[in-house]
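This is what each chain is made of:
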Amino acid sequence: MEYANLESKTVIRTVKDFDPDDQPREKAEKYGCGVLSVPDLWAIILRTGLPGKPITELCRDLMRENGGKLHTLERRTRKELRNIKGIGLTKSIQIEAVMELMRRYAEEEPLQEQQITSSEAIYRRMRHKIGNLDHEEIWILLLNRRNQVIKEICLSSGTSTASLFDVKAAIKHALLENAEGIILTHNHPSGGIVPSESDNKITRELRQACDYMKIRMLDHVIVAANGFYSYHDNSRL
């Protein structure tokens, strides 16, 4: 079989043939999704285009057909979406799903963490995480100025009798999260809640480091399956 006029043959380009900076997924990996255009974001979600028409071009057409506005796209019926070349049943449902997620996100109330107001609140929060473990774990709770938890971090996981505590790591996490307060908590696998000399030592070390860095240390709570010990409640902070 002979081919006539090979020079006029159409070259099919895919997203992989583009410069890396024109490939949405690679661009997102390198710079983050915040730098992507709306068509590029759709390209990551819808993934596949048509022969001779990469998904990036298809998504530019999708937005062009809707005046470049997500609000206009949201009003499209599934049938109207499928009238756009390259948008079949699966892609139309994917678009609907994303728009529904956007609506639900907009309707959500911002998450408000409950304030930590007592050692009992700390115990309730941590009991099911560490109270019944067969090994010791040390955690910190990082707080904002309203004493709401902004992050929980497991600093170490040890044996049935001990775990290592790195005060520098605790302070580093607090600074990275711009925390105003910190709570230290760990469990006693034995079930006892009486502080050991090691517990007293790490409490002193963290309190001194927090004082130096102007971070409030609210408490150190030892957690067991059936009870807890609070340094704050026992006037030891």
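Preceding block: the structure.
Let me sum up the structure you'll find in this document.

Rules behind the numbers
- Residues numbered from 1 in each chain as written.
- Predicted model: local features only at pLDDT ≥ 70, side-chain atom pairs only at ≥ 80, totals over all residues.
- Heavy atoms only, no water.
- Axes fitted to C-alpha atoms, helices over the stretch in contact; angles between N-to-C directions.
- Helix = DSSP H or I, 4+ residues; strand = E, 2+ residues; numbered from the N terminus.
- Left-handed = near helix turned anticlockwise from the far one by under 90°.
- Contact = heavy atoms within 4.5 Å.
- Parallel < 35°, antiparallel > 145°, perpendicular 65-115°, else oblique.
- Nonpolar A, V, L, I, M, F, W, Y, C, P; charged D, E, K, R; others polar.
- Salt bridge = Lys/Arg side-chain N within 4 Å of Asp/Glu carboxyl O.
- Pairing = 2+ DSSP bridges.
- Buried < 20%, exposed > 50% of the residue type's maximum accessible area, 1.4 Å probe, protein only.
- Expected span 1.5 Å × (residues − 1).
- Arc of directions from axis to C-beta.

1. Comments concerning the packing of helix 8 (residues 167-176) against helix 9 (residues 197-213)
- The interhelical angle for the contact between helix 8 and helix 9, taken along N-to-C directions, is 40°, at an axis separation of 10 Å. At the point where helix 8 passes helix 9, the crossing takes the right-handed sense. Between helix 8 and helix 9, the contacting residues are Val-167, Ala-170, Ile-171 and Leu-175 on the first element and Glu-205, Leu-206, Ala-209, Cys-210 and Met-213 on the second.

2. Some thoughts on unusual backbone geometry
- Of note in this structure, Arg-47 is not a glycine but carries a positive phi near 75°.
- Located in the positive-phi region is Asn-147, a residue other than glycine, with phi close to 60°.
- Topologically, Asn-147 is positioned in the loop between strand 1 (137-143) and strand 2 (149-157).

3. Let's talk about the packing of helix 2 (residues 38-46) against helix 6 (residues 89-107)
- Direction vectors running N to C along helix 2 and helix 6 enclose 120°, while the axes themselves pass 10 Å from each other. When the axis of helix 2 is compared with that of helix 6, the two are oblique. Our pair here, helix 2 against helix 6, has a crossing hand that is right-handed. Residues Trp-42, Ile-45 and Leu-46 of helix 2 form the contact with helix 6, whose participating residues are Lys-91, Gln-94, Ile-95, Val-98 and Met-99.
- When the residues that make up the contact of helix 2 with helix 6 are grouped by side-chain class, the tally is six nonpolar, one polar and one charged.

4. Structural notes on the pattern of salt bridges
- Summed over the entire model, instances satisfying the criterion amount to 15 salt bridges.
- When the shortest N-O distance is used, the salt bridge between Arg-64 and Asp-61 registers 2.5 Å. Within this pair, Arg-64 and its partner Asp-61 are both found in helix 3 (residues 55-64), separated by three residues, close to a single helical turn.
- Through salt bridges that share partners, Glu-74, Glu-100, Arg-103 and Arg-104 make up one connected network.

5. Points about the sheet that holds strand 4 (residues 216-224)
- Reading across the sheet, the five strands line up as 2-1-3-4-5 and stay open at both edges, with mixed pairing between neighbours. Either end of the sheet is taken by a strand with one partner, and the two such strands are strand 2 and strand 5 (227-230). Adjacent strand axes in the sheet meet at a mean angle of 20° when their direction is disregarded.
- With seven bridges connecting them, strand 3 (residues 181-187) and strand 4 associate as parallel partners. Following the sheet pairing, Asn-187 is matched in strand 4 by Val-223.

6. What to know about the pairing of strand 2
- Across seven bridges, the pairing between strand 1 and strand 2 is antiparallel. Across the sheet, residue Ile-140 finds its bridge partner in strand 2, namely Ile-153.
- Counted between consecutive antiparallel strands, the loop separating strand 1 from strand 2 contains five residues, among which Asn-147 sits at a positive phi close to 60°.

7. Observations regarding the pairing of strand 3
- In terms of burial, strand 3 is largely enclosed, as seven of its seven residues are buried.
- The alternating pattern of strand 3 places Gly-181, Ile-183, Thr-185 and Asn-187 and Ile-182, Leu-184 and His-186 on opposite faces, both of which are buried.
- Pairing geometry for strand 1 and strand 3, over six bridges, is antiparallel. Along strand 3, the bridge assignment pairs Leu-143 with Gly-181.

8. Focus on helix 6
- With 19 residues, helix 6 should cover 27 Å at 1.5 Å per step; its first-to-last C-alpha distance of 27 Å lies within 8% of that length.
- Of the positions making up helix 6, those classed as buried are Lys-91, Ser-92, Ile-95, Val-98 and Met-99. The buried residues of helix 6 all sit within an arc of 125° when viewed along its axis, so they share a single face. In helix 6, the exposed positions angled more than 90 degrees off the buried face are occupied by Thr-90, Leu-101, Arg-104 and Glu-107.
- Buried positions along helix 6 lie against helix 2, helix 3, helix 4 (70-74) and helix 5 (78-82).

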